Amino acid sequence: MSRKLPLDTLQELARKQKEDAARRLGTLQSAQVSAHQKLDLLLEYRQDYANQLQSLMTHGLPASQWRNFNNFLGTLDGAIEQQRAIVKQAGLRLERGRGDWQHQARRLNSFDTLADRLRRQELAVQAKREQRDSDERAARKFIDRAAQPNF
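Below or above, wherever it landed, is the structure these notes cover. All values derive from a computational prediction rather than experimental measurement. (Residues numbered from 1 in each chain as written. Predicted model: local features only at pLDDT ≥ 70, side-chain atom pairs only at ≥ 80, totals over all residues. Heavy atoms only, no water.)

Assigned secondary structure in the chain consists of two helices and zero strands. Over its C-alpha atoms, taken along the principal directions, the chain stretches across nearly 130 × 25 × 15 Å. Within the span of the chain, comprising 151 residues, buried residues form 19% of the whole. By sequence separation, contacts in the chain at least 24 residues apart represent 84% of the contacts at least 6 residues apart. In the structure as shown, the chain presents an accessible area of about 11,400 Å², 54% of it carried by carbon and sulfur atoms. The centroid of the 27 positive side-chain charges in the chain is displaced by 3 Å from the centroid of its 19 negative side-chain charges. (Helix = DSSP H or I, 4+ residues; strand = E, 2+ residues; numbered from the N terminus. Buried < 20%, exposed > 50% of the residue type's maximum accessible area, 1.4 Å probe, protein only. Contact = heavy atoms within 4.5 Å. Areas by Shrake-Rupley, 256 points an atom, 1.4 Å probe, with all protein chains shown as cover. Lys, Arg positive; Asp, Glu negative; His and termini not counted. Charge placed at Lys NZ, Arg CZ, Asp CG, Glu CD.)

Right, let's get into helix α1 (residues 6-58). Here α1 spans 79 Å end to end across 53 residues, near enough to the 78 Å set by a 1.5 Å rise per residue. G60 occupies a position one or two residues after α1 and carries a positive phi of about 95°. (Expected span 1.5 Å × (residues − 1).)

The subject of this paragraph is the packing of aromatic side chains. Under the defined criterion, the tally for this structure stands at four aromatic pairs. In textbook terms, an aromatic cluster arises when at least three aromatic residues are bridged by ring pairs, as seen for Y45, Y49, F69 and F72. (Phe/Tyr/Trp six-rings, centres within 6.5 Å; stacked < 30°, edge-to-face > 60°.)

Looking now at the nonpolar core. Counting twelve residues, the largest nonpolar core is built from A35, L39, L42, Y49, A50, L53, F69, L73, L76, I80, V87 and A90. Residues within four places of L76 in sequence aside, it is in contact with L42, Y45, R46 and Y49. (Core = buried A, V, L, I, M, F, W, Y, C linked by side-chain atoms within 4.5 Å.)

The final tally for this structure, using the stated rule, is nine salt bridges. In this structure, D20 engages R23 in a salt bridge whose closest nitrogen and oxygen atoms are separated by 2.4 Å. One end of the pair is D20 and the other is R23, both in helix α1 and three residues apart, which spans about a single turn. In this structure, the salt-bridge partner of E136 is R140, at a minimum N-O distance of 3.8 Å. (Salt bridge = Lys/Arg side-chain N within 4 Å of Asp/Glu carboxyl O.)

Before going further, it helps to examine the environment of Q47. Inspection of the secondary structure puts Q47 in helix α1. For Q47, a relative accessible area of 44% translates into the label partly exposed. The spatial distance from the C-alpha of Q47 to the C-alpha of F111 is 54 Å, given a sequence separation of 64 residues.

Bringing the packing of α1 against helix α2 (residues 63-147) into the picture now. Between α1 and α2, the shortest axis-to-axis distance is 7 Å and the interhelical angle comes to 160°. Put simply, α1 runs roughly antiparallel to α2. Note that α1 runs across α2; the crossing there is left-handed. Tallied by class, residues from the contact of α1 with α2 come to 35 nonpolar, twelve polar and 14 charged. (Axes fitted to C-alpha atoms, helices over the stretch in contact; angles between N-to-C directions. Parallel < 35°, antiparallel > 145°, perpendicular 65-115°, else oblique. Left-handed = near helix turned anticlockwise from the far one by under 90°. Nonpolar A, V, L, I, M, F, W, Y, C, P; charged D, E, K, R; others polar.)

What follows concerns the environment of S134. Structurally, S134 can be placed in helix α2. You can call S134 partly exposed: its relative accessible area is 32%. Residues S134 and Q17, 117 residues apart in the sequence, show an inter-C-alpha distance of 45 Å.

Structural data, given as C-alpha cells:
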C-alpha cells in the first residue's frame, strides 16, 4: 500500500503553500512589530523634545528659537501621523496574512482528511480481499481433505 495516490501530490502542494503562508505571516508580524517600535520611538522623541521646550520656556526663550522648536514639533507630528498610517497598514496586512495562513491550514486539513478516508477504504478493501483469500484457502483444504480416502 505504499503506492502514491494523486491526492498525495495535492497534499504536498497544500503543505508547501501552508508553509509559505506561515513564512509570509512571520515576515508580516516582524514588519508590524518594527512599525510599532518606530512609532514608539517617534512618540518618545517628541515627548522628550516637548519637555526640553517646556524647560527652556521656563528660563526664557527667544521667539526665533521657540519658532524653530514649534516647527520641529510640527514636523515630528507629521512623521508620527505617517508612522501611525504605516502601523495601521502593517496591521491590515498581518490580518490578511493570518487569514491566508488559516485558509491554507484548512485546505491542507481537508486534503489530509480525504486522504485518510481513502486509505481507510483501501485498507478495508484489502482486508476483505485477504479474508476472502483466506476463506478460499481454508475451503480448498477442507475439500482436499474430504476428497482424500481415509485409511
